[in-house]
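The lines below spell out each chain.
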Amino acid sequence: MVPRAKIIGQHPFAKDGQGKVISRIATVFPEGRTLVTLPGIHATQRIAFVEAINESRRERGLDPLSREEELAAWEDAVDLIIEDEMILIRPDPDNMPLAFLADELLQELFSKHRIQFLYTLNEKVRTAIKRRGECWRITPLPRQPHEMEHLIRTARIGIGGREIYLYNRSSGTRWLTFESFASLGLLDDAELRRHLVEIQQYAAKINPRKGPEVAFYPSGSLAAGDMAAFDFAALAPGDLRRAFDDLRQKFRAGVPPELQRDAPEDPQWRNRICAVLIGRDEEVVSEEMLLGLSPEFFLQVEWLPGGRIEQGELIFDSVLEEEPLLDDDLGYTFIDDKPRKFIFNFVRQYGNLEYVNIGRVVSSLARRRPFPGRRDVYVVQVKQRDSDREIISVIRMQKWGVRERLDEGKSLLQAMRESEEYTEYVLDRRLGCRQLGMNLPSRVTDGRIYERYSGHQKDLEGLMIWSPYFERDYIHGVATDKVPLHRFQNEEFALAFARLLGRAAAVNLVVGRCDHQDNVLFDDGDEVLVEDAAGVPVEIIVSDQTGTFKSYQRDLRLLAPAYADAINRRAEHVSNFEAFATTYLDAFADRFAAIQRYYRWRRRAFDTLFKDRTRDERGSFAFRWEQVLARLDRADPQELKDLIRENLAVLA
């Protein structure tokens, strides 16, 4: 029988009278099935573990561990950080199996929801976690000001006294700022002496990560050697104060004025201290570094439990067996059962899977107001065993499915029929857009998952229904509306961008891409700029054809002025606005005329493309297609170009 895991010390989430966690660090020993939470540092917790073993051996009449056995016990240790009701594992990148053994032991004691991994920018760590289908367990790093302030606030830690240090969770180093050091002067002699001895002792120690246990911020302002010059334990009170004053003055002299005060509200201090707490290697961590996603996805993807395949067997993340967690304090809402159903489909679709990770996009990346209907979006990472390349795709639930039609009061049969018709309508729109030259993702497939109905029709509560979705290839680029504005100072980049955007605008106008109020949708999050290795724009791909063929009868001359906005918004940031605008306008007119010419050349092919579809003047796609082509045929590209130019803020 496997012995029960034991804890030396208090429960890791135990708090003192002020509501603070008693010990912010812990060490787990998988082989010894022990968790040590005694206050101190990881080294002292290792010592406590060995002492506990030796005490047990003495009670049984055995000799204490040999030096070699003690070293083996130390090497079995995995460092932990306790933070915000979470246990953060700090793995050794060269020994990930040990980290996963520690993880399994911790799961015997705590919910898997509360256990995550640090050090995930290390390729070995990141790859090992991805292969387990557990991207959701990557500890996110802060980028927004309130998150950075939270990191600083929770990094406060003590060793044996006050919480005067800022703790780097990855390196294990405790940083001491000038203000924290100077504040020791307010303590009485006994407490001042105790803290100076502590700083002196731990500034001279090296932690298991090969970094100092205590360091002074910024580096070089004060050193362990400066502390070693004094025997704080033996100094008389007056001499102790003078020694402290000397060190404080030396510390101050090595710190720039803007860093002499701890100021989380000050962006300069906040950014610099966060870089120290995170570590330079992790300073630029983001989702795109983990998966190749574009920057706008950063802090927008909530990774969910996935699965992996071992010897042909599908193994879902064990956390899915736990009770659903809805805890605002932790920020996790693992009550979404759709990823599990997506995974079933992927296993059926791919015969040689290694793992699947699925993340939920928590908010829209587009600037426009959301359309009505279902808008759930997911990012999927799939790896096949016989390929070195990961497949990244995006899943979007169909806006109008059976659930939405039932909520409108439709019968089940009518809801199912209208859901299927809408799927065909979406796919027809895609075909129509491609026929007219819109640059769309090369692969889009439709799929379905089984869901339990819970909606307005209470008599149908619990009914299992099919919910459709669309999956497309992920586009490795950045949305045009999120291209950093400073890049437009480079005229070569700006003109290449303007040329591509003008061509995209022409197609967008032809297909009447608008919202429900007939406002033009363009350059608002769905157009993705793709660049070559040198950073030169090479194409714009429209990731989603939302709103296309919405405006199919309105005169294009009424829609054209809105296309000036894409240029006006960048007017202040381009070095040569006239060249930028002219390039855009010329590309627009040339592309529009080319579409028009091609239609007139292949008129019959265009006109009969959807002849097998029902034509209904109330708005069927066949009727919309007919109206869009007629409008294209009678339009004047030069007139449309002039209308856009008249609405340019600078050239008007």
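The structure we're discussing is the one just above.
This structure is a prediction, so every number in the text was calculated from the model and none was measured.

Draft legend 1. Structural context of the overall build of the chain. In terms of helices and strands, the chain carries 21 helices and 22 strands. Within the chain, the fraction of its 652 residues that count as buried is 53%. Put simply, of all contacts in the chain between residues at least 6 apart along the chain, 68% involve residues at least 24 apart. Here the chain displays about 30500 Å² of accessible surface, and carbon together with sulfur accounts for 49% of that area. Between the centroid of the 93 positive side chains of the chain and the centroid of its 106 negative side chains there is a distance of 3 Å.

Draft legend 2. Structural context of the sheet that holds strand S22 (residues 537-542). Ordered by their spatial adjacency, 3 strands build an open sheet running S20-S21-S22, and the pairing between neighbours is antiparallel. Across the chains shown, the open sheet's two edge strands, defined by having one partner strand only, are strand S20 (478-479) and S22. Pairing geometry for S20 and strand S21 (residues 527-531), over 2 bridges, is antiparallel. The partner of alanine 479 across the bridge, within S21, is valine 528. Along the sheet, helix H15 (residues 491-510) makes contact with S21 and S22, crossing S22 at roughly 30°.

Draft legend 3. Highlighting the side chain of aspartate 526. Structurally, aspartate 526 can be placed in the loop between H15 and S21. Under the relative-accessibility criterion, aspartate 526 is labelled buried at 5%. Separated by 2.6 Å, the side chains of aspartate 526 and arginine 513 make a polar contact.

What counts and how
- Residues numbered from 1 in each chain as written.
- Predicted model: local features only at pLDDT ≥ 70, side-chain atom pairs only at ≥ 80, totals over all residues.
- Heavy atoms only, no water.
- Helix = DSSP H or I, 4+ residues; strand = E, 2+ residues; numbered from the N terminus.
- Buried < 20%, exposed > 50% of the residue type's maximum accessible area, 1.4 Å probe, protein only.
- Contact = heavy atoms within 4.5 Å.
- Areas by Shrake-Rupley, 256 points an atom, 1.4 Å probe, with all protein chains shown as cover.
- Lys, Arg positive; Asp, Glu negative; His and termini not counted.
- Charge placed at Lys NZ, Arg CZ, Asp CG, Glu CD.
- Pairing = 2+ DSSP bridges.
- Axes fitted to C-alpha atoms, helices over the stretch in contact; angles between N-to-C directions.
- Polar contact = N/O pair within 3.5 Å; in protein donor to acceptor, adjacent residues only side chain to side chain.

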